[in-house]
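A look at the structure
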Amino acid sequence: MPCDARLILGVGLVFAQPLKPDSDRPLQISIGSIPFSLFIPEELLLQQALKRYREFTAALGPGLPIVLRPKEQDEREPTAFSYDLDDASVILRRSGAEFRGVRHEYALDSLLRILLTMMLLPRRGFLLHAATIVRNGRAYVFAGRSGAGKSTVASLSPEGSVLTDEISLLRFTDGCWQAHGTPFWGEFRAAGRNDRFPLAGIYSLVQAPEDRVEAISKKEILRALLPCVLFFTSDKDANEALLQTLVGLIGQVPCQRLHFRRGTEFWKEVAP
Amino acid sequence: MIESPARNPSLAWREVDGEIVIISPEDSQVHELNETASLIWKYADGIRSCDEIAAELAAEFDVALEAARADAAELIEALEEKRLLLVAAPVAG
(Lines give C-alpha, C1' and ligand atoms only; values in the text may rest on other atoms or scores of the structure.)
Protein backbone atom coordinates (compact mmCIF):
# COMPACT_ATOMS: atom_id res chain seq x y z
CA MET A 1 0.00 0.00 0.00
CA PRO A 2 1.25 3.52 -0.73
CA CYS A 3 1.83 5.64 2.34
CA ASP A 4 1.35 9.34 2.91
CA ALA A 5 4.99 10.13 3.37
CA ARG A 6 6.11 9.19 -0.11
CA LEU A 7 4.50 9.94 -3.39
CA ILE A 8 5.29 8.27 -6.62
CA LEU A 9 5.97 10.44 -9.61
CA GLY A 10 7.21 9.56 -13.01
CA VAL A 11 7.92 6.13 -14.42
CA GLY A 12 8.99 3.90 -11.60
CA LEU A 13 10.60 6.71 -9.68
CA VAL A 14 9.89 7.32 -6.03
CA PHE A 15 10.50 10.71 -4.52
CA ALA A 16 9.93 12.25 -1.15
CA GLN A 17 7.50 15.18 -0.97
CA PRO A 18 7.28 17.81 -2.21
CA LEU A 19 7.89 17.25 -5.88
CA LYS A 20 6.01 18.28 -8.91
CA PRO A 21 5.74 16.32 -12.11
CA ASP A 22 6.72 18.14 -15.26
CA SER A 23 5.93 17.19 -18.83
CA ASP A 24 8.20 14.15 -18.56
CA ARG A 25 7.22 13.06 -15.08
CA PRO A 26 3.52 12.71 -14.59
CA LEU A 27 1.67 11.91 -11.42
CA GLN A 28 1.15 8.17 -11.55
CA ILE A 29 -2.02 6.82 -10.02
CA SER A 30 -3.89 3.56 -10.20
CA ILE A 31 -7.63 3.14 -9.62
CA GLY A 32 -9.29 -0.22 -10.00
CA SER A 33 -5.91 -1.62 -11.14
CA ILE A 34 -5.96 0.76 -14.11
CA PRO A 35 -2.89 3.00 -14.24
CA PHE A 36 -3.10 6.65 -15.25
CA SER A 37 -0.36 9.20 -15.86
CA LEU A 38 -1.63 12.66 -14.98
CA PHE A 39 0.14 15.63 -16.53
CA ILE A 40 -0.95 18.63 -14.47
CA PRO A 41 0.87 21.84 -15.35
CA GLU A 42 -0.81 24.06 -12.78
CA GLU A 43 0.97 23.98 -9.44
CA LEU A 44 -2.03 24.49 -7.16
CA LEU A 45 -4.10 21.85 -8.89
CA LEU A 46 -1.18 19.46 -8.82
CA GLN A 47 -0.77 19.86 -5.08
CA GLN A 48 -4.49 19.25 -4.62
CA ALA A 49 -4.28 16.13 -6.78
CA LEU A 50 -1.26 14.87 -4.86
CA LYS A 51 -3.26 15.15 -1.66
CA ARG A 52 -6.55 13.82 -3.03
CA TYR A 53 -5.02 10.76 -4.68
CA ARG A 54 -2.27 10.07 -2.17
CA GLU A 55 -3.56 6.57 -1.42
CA PHE A 56 -3.75 5.76 -5.12
CA THR A 57 -0.29 6.69 -6.28
CA ALA A 58 1.37 3.72 -7.85
CA ALA A 59 4.52 2.69 -9.63
CA LEU A 60 2.88 0.34 -12.09
CA GLY A 61 4.69 1.93 -15.01
CA PRO A 62 3.21 4.30 -17.55
CA GLY A 63 -0.54 4.43 -17.52
CA LEU A 64 -3.00 6.03 -19.87
CA PRO A 65 -1.71 9.58 -20.28
CA ILE A 66 -4.13 12.27 -19.17
CA VAL A 67 -3.05 15.75 -20.19
CA LEU A 68 -4.72 18.77 -18.65
CA ARG A 69 -5.10 21.60 -21.13
CA PRO A 70 -6.92 24.90 -21.43
CA LYS A 71 -10.46 24.76 -22.72
CA GLU A 72 -9.78 25.87 -26.29
CA GLN A 73 -7.65 23.54 -28.35
CA ASP A 74 -7.69 22.52 -31.97
CA GLU A 75 -9.01 19.09 -32.77
CA ARG A 76 -6.35 17.02 -34.51
CA GLU A 77 -7.18 13.43 -33.80
CA PRO A 78 -10.53 11.70 -33.96
CA THR A 79 -12.03 11.10 -30.54
CA ALA A 80 -13.19 7.75 -29.22
CA PHE A 81 -15.27 9.40 -26.53
CA SER A 82 -15.91 12.89 -25.25
CA TYR A 83 -18.09 14.35 -22.54
CA ASP A 84 -18.73 17.91 -21.38
CA LEU A 85 -19.28 18.66 -17.73
CA ASP A 86 -20.06 22.31 -17.05
CA ASP A 87 -17.04 24.25 -18.35
CA ALA A 88 -14.73 21.24 -18.42
CA SER A 89 -14.55 18.30 -20.76
CA VAL A 90 -12.92 14.92 -21.12
CA ILE A 91 -11.71 13.65 -24.48
CA LEU A 92 -10.51 10.10 -24.98
CA ARG A 93 -8.38 9.18 -27.96
CA ARG A 94 -6.32 6.18 -28.92
CA SER A 95 -3.21 8.01 -27.79
CA GLY A 96 -4.58 9.03 -24.40
CA ALA A 97 -6.97 11.41 -22.74
CA GLU A 98 -7.27 15.15 -22.36
CA PHE A 99 -9.03 17.02 -19.61
CA ARG A 100 -9.85 20.54 -20.71
CA GLY A 101 -10.88 23.56 -18.72
CA VAL A 102 -10.24 21.99 -15.31
CA ARG A 103 -10.23 24.82 -12.79
CA HIS A 104 -10.35 22.97 -9.51
CA GLU A 105 -9.84 19.53 -7.98
CA TYR A 106 -13.55 18.71 -7.98
CA ALA A 107 -13.70 19.06 -11.75
CA LEU A 108 -10.58 16.92 -12.03
CA ASP A 109 -12.21 14.29 -9.84
CA SER A 110 -15.43 14.34 -11.86
CA LEU A 111 -13.63 13.98 -15.19
CA LEU A 112 -11.53 11.17 -13.79
CA ARG A 113 -14.70 9.31 -12.79
CA ILE A 114 -16.17 9.79 -16.25
CA LEU A 115 -13.01 8.58 -17.95
CA LEU A 116 -12.78 5.63 -15.59
CA THR A 117 -16.24 4.42 -16.61
CA MET A 118 -15.01 4.15 -20.19
CA MET A 119 -11.76 2.48 -19.21
CA LEU A 120 -13.52 -0.08 -17.04
CA LEU A 121 -16.12 -1.05 -19.61
CA PRO A 122 -13.95 -3.36 -21.76
CA ARG A 123 -12.41 -4.74 -18.57
CA ARG A 124 -15.69 -6.04 -17.14
CA GLY A 125 -15.94 -3.27 -14.61
CA PHE A 126 -18.05 -0.27 -13.72
CA LEU A 127 -18.67 2.40 -11.11
CA LEU A 128 -21.75 2.14 -8.94
CA HIS A 129 -23.42 4.55 -6.54
CA ALA A 130 -22.87 2.29 -3.56
CA ALA A 131 -21.14 2.01 -0.21
CA THR A 132 -18.80 -0.94 0.20
CA ILE A 133 -18.05 -2.41 3.60
CA VAL A 134 -15.41 -5.08 4.19
CA ARG A 135 -16.21 -7.79 6.69
CA ASN A 136 -14.06 -10.86 7.25
CA GLY A 137 -12.14 -10.11 4.07
CA ARG A 138 -15.20 -9.92 1.83
CA ALA A 139 -16.93 -6.92 0.35
CA TYR A 140 -20.59 -6.10 0.96
CA VAL A 141 -21.95 -3.58 -1.51
CA PHE A 142 -24.97 -1.41 -0.62
CA ALA A 143 -26.33 0.32 -3.69
CA GLY A 144 -28.76 3.19 -3.95
CA ARG A 145 -29.23 6.69 -5.25
CA SER A 146 -28.81 9.78 -3.09
CA GLY A 147 -30.68 9.47 0.18
CA ALA A 148 -30.99 5.69 0.02
CA GLY A 149 -28.78 5.24 3.06
CA LYS A 150 -25.27 4.57 1.71
CA SER A 151 -23.60 6.99 4.08
CA THR A 152 -25.72 5.71 6.95
CA VAL A 153 -24.60 2.15 6.25
CA ALA A 154 -21.02 3.38 6.22
CA SER A 155 -21.43 5.35 9.43
CA LEU A 156 -22.96 2.33 11.20
CA SER A 157 -20.11 0.03 10.20
CA PRO A 158 -16.94 -0.56 12.23
CA GLU A 159 -14.12 1.91 11.81
CA GLY A 160 -11.72 0.85 9.11
CA SER A 161 -14.22 -1.44 7.41
CA VAL A 162 -15.53 1.13 4.92
CA LEU A 163 -13.92 0.73 1.52
CA THR A 164 -16.00 3.57 0.11
CA ASP A 165 -19.15 5.38 1.19
CA GLU A 166 -20.36 6.75 -2.13
CA ILE A 167 -18.94 5.30 -5.34
CA SER A 168 -17.88 1.68 -5.57
CA LEU A 169 -15.74 0.16 -8.29
CA LEU A 170 -16.71 -3.40 -9.16
CA ARG A 171 -14.59 -5.37 -11.55
CA PHE A 172 -14.04 -8.96 -12.56
CA THR A 173 -10.39 -9.52 -11.73
CA ASP A 174 -8.33 -12.64 -11.06
CA GLY A 175 -11.23 -14.94 -11.78
CA CYS A 176 -13.82 -13.37 -9.53
CA TRP A 177 -15.83 -10.22 -8.94
CA GLN A 178 -14.07 -7.81 -6.63
CA ALA A 179 -14.75 -4.43 -5.08
CA HIS A 180 -11.89 -1.98 -5.45
CA GLY A 181 -11.36 1.06 -3.29
CA THR A 182 -11.75 4.45 -4.95
CA PRO A 183 -10.75 7.99 -4.09
CA PHE A 184 -14.33 9.08 -4.79
CA TRP A 185 -15.93 9.58 -1.41
CA GLY A 186 -19.07 11.25 -0.14
CA GLU A 187 -19.79 12.47 3.35
CA PHE A 188 -16.88 10.59 4.93
CA ARG A 189 -14.42 12.66 2.87
CA ALA A 190 -11.69 10.08 3.34
CA ALA A 191 -8.73 9.55 1.03
CA GLY A 192 -9.88 6.03 0.24
CA ARG A 193 -8.05 2.72 0.28
CA ASN A 194 -6.37 1.32 -2.77
CA ASP A 195 -7.31 -2.22 -1.95
CA ARG A 196 -9.68 -4.85 -3.29
CA PHE A 197 -11.81 -7.62 -1.86
CA PRO A 198 -13.96 -10.39 -3.33
CA LEU A 199 -17.65 -9.61 -3.39
CA ALA A 200 -19.82 -11.30 -0.77
CA GLY A 201 -23.03 -9.74 -2.05
CA ILE A 202 -24.81 -6.73 -3.44
CA TYR A 203 -27.77 -5.18 -1.63
CA SER A 204 -30.21 -2.71 -3.12
CA LEU A 205 -31.11 -0.35 -0.28
CA VAL A 206 -34.72 0.40 0.54
CA GLN A 207 -35.69 2.39 3.61
CA ALA A 208 -38.17 0.42 5.69
CA PRO A 209 -39.50 0.07 9.26
CA GLU A 210 -37.72 -3.29 9.62
CA ASP A 211 -34.43 -4.85 8.63
CA ARG A 212 -34.99 -7.63 6.16
CA VAL A 213 -33.21 -9.19 3.22
CA GLU A 214 -35.49 -10.00 0.30
CA ALA A 215 -34.61 -12.32 -2.54
CA ILE A 216 -35.48 -10.73 -5.86
CA SER A 217 -35.29 -11.84 -9.46
CA LYS A 218 -32.33 -11.04 -11.70
CA LYS A 219 -34.52 -8.68 -13.66
CA GLU A 220 -35.48 -6.84 -10.51
CA ILE A 221 -31.89 -6.46 -9.38
CA LEU A 222 -30.92 -5.27 -12.84
CA ARG A 223 -33.74 -2.72 -12.64
CA ALA A 224 -32.45 -1.61 -9.24
CA LEU A 225 -28.78 -1.43 -10.24
CA LEU A 226 -29.02 0.26 -13.63
CA PRO A 227 -29.99 3.70 -12.28
CA CYS A 228 -27.07 3.46 -9.83
CA VAL A 229 -24.43 2.83 -12.50
CA LEU A 230 -22.29 5.80 -13.49
CA PHE A 231 -22.46 5.88 -17.25
CA PHE A 232 -21.91 8.72 -19.67
CA THR A 233 -22.23 7.47 -23.19
CA SER A 234 -25.11 6.88 -25.58
CA ASP A 235 -23.01 4.59 -27.73
CA LYS A 236 -24.95 1.42 -28.46
CA ASP A 237 -21.98 -0.94 -28.19
CA ALA A 238 -21.01 0.57 -24.86
CA ASN A 239 -24.53 0.09 -23.56
CA GLU A 240 -24.48 -3.52 -24.78
CA ALA A 241 -21.18 -4.06 -22.98
CA LEU A 242 -22.57 -2.58 -19.78
CA LEU A 243 -25.63 -4.82 -19.93
CA GLN A 244 -23.45 -7.85 -20.57
CA THR A 245 -21.23 -6.97 -17.62
CA LEU A 246 -24.18 -6.44 -15.29
CA VAL A 247 -25.91 -9.63 -16.37
CA GLY A 248 -22.65 -11.48 -15.78
CA LEU A 249 -22.31 -9.95 -12.33
CA ILE A 250 -25.81 -10.76 -11.14
CA GLY A 251 -25.41 -14.29 -12.42
CA GLN A 252 -22.34 -14.83 -10.26
CA VAL A 253 -22.79 -12.69 -7.15
CA PRO A 254 -25.71 -12.92 -4.70
CA CYS A 255 -27.84 -9.82 -5.23
CA GLN A 256 -30.73 -9.00 -2.93
CA ARG A 257 -32.87 -6.15 -1.68
CA LEU A 258 -32.15 -4.87 1.82
CA HIS A 259 -35.03 -3.31 3.71
CA PHE A 260 -33.14 -1.04 6.03
CA ARG A 261 -34.31 0.99 9.04
CA ARG A 262 -31.04 2.84 9.50
CA GLY A 263 -29.75 0.95 12.52
CA THR A 264 -26.84 -1.44 13.09
CA GLU A 265 -29.14 -4.46 13.25
CA PHE A 266 -29.10 -4.82 9.48
CA TRP A 267 -25.83 -6.70 9.74
CA LYS A 268 -27.65 -9.54 11.47
CA GLU A 269 -29.66 -9.95 8.27
CA VAL A 270 -26.79 -9.46 5.85
CA ALA A 271 -24.06 -11.44 7.58
CA PRO A 272 -25.59 -13.34 10.53
CA MET B 1 -49.85 -3.23 -38.62
CA ILE B 2 -46.23 -4.03 -39.39
CA GLU B 3 -45.72 -6.64 -42.07
CA SER B 4 -42.34 -7.90 -40.89
CA PRO B 5 -41.38 -6.26 -37.61
CA ALA B 6 -37.71 -5.71 -36.88
CA ARG B 7 -35.86 -4.89 -33.69
CA ASN B 8 -34.75 -1.28 -33.56
CA PRO B 9 -31.01 -1.64 -34.28
CA SER B 10 -30.10 1.36 -32.13
CA LEU B 11 -31.13 -0.41 -28.94
CA ALA B 12 -28.94 -2.41 -26.56
CA TRP B 13 -30.51 -5.53 -25.12
CA ARG B 14 -29.84 -8.71 -23.22
CA GLU B 15 -31.82 -11.73 -22.14
CA VAL B 16 -32.17 -12.15 -18.37
CA ASP B 17 -33.81 -15.32 -17.11
CA GLY B 18 -35.59 -15.80 -20.42
CA GLU B 19 -36.90 -12.27 -20.64
CA ILE B 20 -35.57 -9.30 -22.55
CA VAL B 21 -34.21 -6.13 -20.99
CA ILE B 22 -33.64 -3.25 -23.40
CA ILE B 23 -31.73 -0.01 -22.95
CA SER B 24 -32.38 2.91 -25.23
CA PRO B 25 -28.91 4.53 -25.32
CA GLU B 26 -30.30 7.85 -26.53
CA ASP B 27 -32.36 8.54 -23.44
CA SER B 28 -31.16 5.80 -21.04
CA GLN B 29 -34.69 4.41 -20.84
CA VAL B 30 -34.91 0.81 -19.68
CA HIS B 31 -37.64 -1.44 -21.06
CA GLU B 32 -38.47 -4.87 -19.72
CA LEU B 33 -40.46 -7.31 -21.78
CA ASN B 34 -42.62 -10.07 -20.41
CA GLU B 35 -42.32 -13.65 -21.59
CA THR B 36 -44.60 -13.26 -24.61
CA ALA B 37 -43.16 -9.93 -25.70
CA SER B 38 -39.67 -11.35 -25.27
CA LEU B 39 -40.50 -14.15 -27.67
CA ILE B 40 -41.85 -11.68 -30.20
CA TRP B 41 -38.66 -9.64 -29.80
CA LYS B 42 -36.52 -12.67 -30.55
CA TYR B 43 -38.49 -13.53 -33.68
CA ALA B 44 -38.75 -9.91 -34.90
CA ASP B 45 -35.87 -10.23 -37.33
CA GLY B 46 -37.34 -8.17 -40.16
CA ILE B 47 -37.86 -11.35 -42.15
CA ARG B 48 -40.60 -13.24 -40.34
CA SER B 49 -44.09 -11.89 -40.95
CA CYS B 50 -46.53 -11.16 -38.15
CA ASP B 51 -48.39 -14.35 -39.04
CA GLU B 52 -45.20 -16.37 -38.81
CA ILE B 53 -44.41 -14.84 -35.43
CA ALA B 54 -47.96 -15.62 -34.27
CA ALA B 55 -47.46 -19.22 -35.37
CA GLU B 56 -44.30 -19.40 -33.25
CA LEU B 57 -46.22 -18.05 -30.26
CA ALA B 58 -49.03 -20.55 -30.80
CA ALA B 59 -46.55 -23.40 -30.83
CA GLU B 60 -44.55 -22.13 -27.87
CA PHE B 61 -47.52 -21.48 -25.59
CA ASP B 62 -49.79 -24.19 -27.00
CA VAL B 63 -52.64 -21.82 -27.83
CA ALA B 64 -54.95 -21.52 -30.82
CA LEU B 65 -53.47 -19.73 -33.80
CA GLU B 66 -56.23 -17.10 -33.86
CA ALA B 67 -55.63 -16.22 -30.23
CA ALA B 68 -51.91 -16.03 -30.86
CA ARG B 69 -52.50 -13.75 -33.85
CA ALA B 70 -54.56 -11.36 -31.73
CA ASP B 71 -51.96 -11.30 -28.94
CA ALA B 72 -49.10 -10.88 -31.36
CA ALA B 73 -50.85 -8.02 -33.16
CA GLU B 74 -51.50 -6.21 -29.90
CA LEU B 75 -47.97 -6.65 -28.57
CA ILE B 76 -46.27 -5.79 -31.84
CA GLU B 77 -48.28 -2.61 -32.03
CA ALA B 78 -47.35 -1.70 -28.45
CA LEU B 79 -43.65 -2.36 -29.13
CA GLU B 80 -43.86 -0.33 -32.31
CA GLU B 81 -45.39 2.60 -30.43
CA LYS B 82 -42.43 2.57 -28.05
CA ARG B 83 -40.07 2.48 -31.07
CA LEU B 84 -38.66 -0.83 -29.90
CA LEU B 85 -39.77 -2.49 -33.11
CA LEU B 86 -39.55 -0.70 -36.42
CA VAL B 87 -42.17 -0.43 -39.08
CA ALA B 88 -41.22 -2.19 -42.26
CA ALA B 89 -43.35 -1.20 -45.19
CA PRO B 90 -45.28 -4.14 -46.60
CA VAL B 91 -43.83 -5.52 -49.78
CA ALA B 92 -46.02 -4.53 -52.71
CA GLY B 93 -47.28 -7.15 -55.01
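An account of the accompanying structure is given in this report.

Reading the values: rules and limits
Residues numbered from 1 in each chain as written. Chains lettered and ligands numbered in written order. Predicted model: local features only at pLDDT ≥ 70, side-chain atom pairs only at ≥ 80, totals over all residues. Helix = DSSP H or I, 4+ residues; strand = E, 2+ residues; numbered from the N terminus. Rg over C-alpha atoms; globule rule 2.2 N^0.38 Å. Buried ≥ 20, exposed ≤ 12 C-beta atoms within 10 Å, placed from the backbone. Contact = placed C-beta atoms within 7 Å. Nonpolar A, V, L, I, M, F, W, Y, C, P; charged D, E, K, R; others polar. Pairing = 2+ DSSP bridges. Axes fitted to C-alpha atoms, helices over the stretch in contact; angles between N-to-C directions. Expected span 1.5 Å × (residues − 1). Arc of directions from axis to C-beta.

**Examining the overall build of chain B**
- From N to C terminus, chain B includes 3 helices and 5 strands.
- Each helix and strand of chain B, placed in order from N terminus to C terminus, yields the pattern β-β-β-β-α-α-α-β.
- Computed over the C-alpha atoms, the radius of gyration of chain B is 13 Å, within 12% of the 12 Å expected from 2.2 N^0.38 for a compact globule of 93 residues.
- Dimensions along the principal axes, computed over C-alpha positions, put chain B at roughly 35 × 35 × 20 Å.
- Residue burial in chain B is summarised as follows: out of 93 residues, 33% are buried.
- Nonlocal contacts in chain B, meaning residues at least 24 apart in sequence, comprise 51% of its contacts between residues at least 6 apart.

**Side note on the environment of Ala 12 of chain B**
- With respect to the helices, strands and loops of the structure, Ala 12 of chain B is situated in strand E2 (residues 12-16).
- For Ala 12 of chain B, a count of 20 C-beta atoms within 10 Å puts it in the buried group.
- Measuring from C-alpha to C-alpha, the distance between Ala 12 of chain B and Cys 50 of chain B comes to 23 Å, with 38 residues separating the pair along the chain.
- Sequence-distant contacts of Ala 12 of chain B, defined by excluding residues within four places in its chain, comprise Lys 236, Asn 239, Glu 240 and Leu 243 of chain A together with Ile 23 and Pro 25 of chain B.

**Focus on the interface of chain A and chain B**
- Taken together, the contacts link 14 residues of chain A with 12 residues of chain B.
- Among the elements of the structure, helix H4 (218-225) and helix H5 (236-252) of chain A are those that each provide at least two residues to the side of chain A that touches chain B.
- If one sorts the elements of the side of chain A that touches chain B by residue count, H5 of chain A sits on top with 6 residues.
- Considering only residue class, the side of chain A that touches chain B consists of 4 nonpolar, 4 polar and 6 charged.

**Focus on the sheet that holds strand E3 (residues 27-31) of chain A**
All names here are of chain A.
- Taken together, the 6 strands give an open sheet; going across it, the order is E3-E4-E5-E8-E7-E6, and neighbouring strands pair in mixed fashion. Only two strands of the sheet have a single partner each, and these edge strands are E3 and strand E6 (81-85). With direction set aside, neighbouring strand axes in the sheet form an average angle of 20°.
- Bridge count for strand E7 (residues 88-93) against strand E8 (residues 96-100) is 5 bridges, and the pairing is antiparallel. Within E8, the position partnered with Leu 92 by the bridge is Ala 97.
- Sheet strands in contact with helix H2 (residues 105-120) are E3, strand E4 (34-39), strand E5 (64-69), E6, E7 and E8, and its direction is about 30° off that of E7.

**Brief notes about H5 of chain A**
All names here are of chain A.
- Taking 1.5 Å of rise per residue, 17 residues should cover 24 Å, and H5 covers 25 Å from first to last C-alpha, within 8% of that figure.
- Along H5, the residues that are buried comprise Asn 239, Leu 242, Leu 243, Thr 245, Leu 246, Leu 249 and Ile 250. End-on, the buried residues of H5 take up no more than an arc of 165°, which puts them together on one face. Along H5, the residues that are exposed and aim more than 90 degrees away from the buried face are Asp 237, Gly 251 and Gln 252.

**Things to note about the sheet that holds strand E4 (residues 29-32) of chain B**
- Sheet architecture is open: 3 strands sit in the order E2-E3-E4 (chain B), paired in antiparallel fashion. Here the strands that pair on one side only, and so sit at the sheet edges, are E2 and E4 of chain B. This sheet shows a mean twist of 20° between the axes of neighbouring strands, independent of strand direction.
- Along the sheet face, H5 of chain A touches E2 and strand E3 (19-24) of chain B and points at about 20° away from the line of E2 of chain B.

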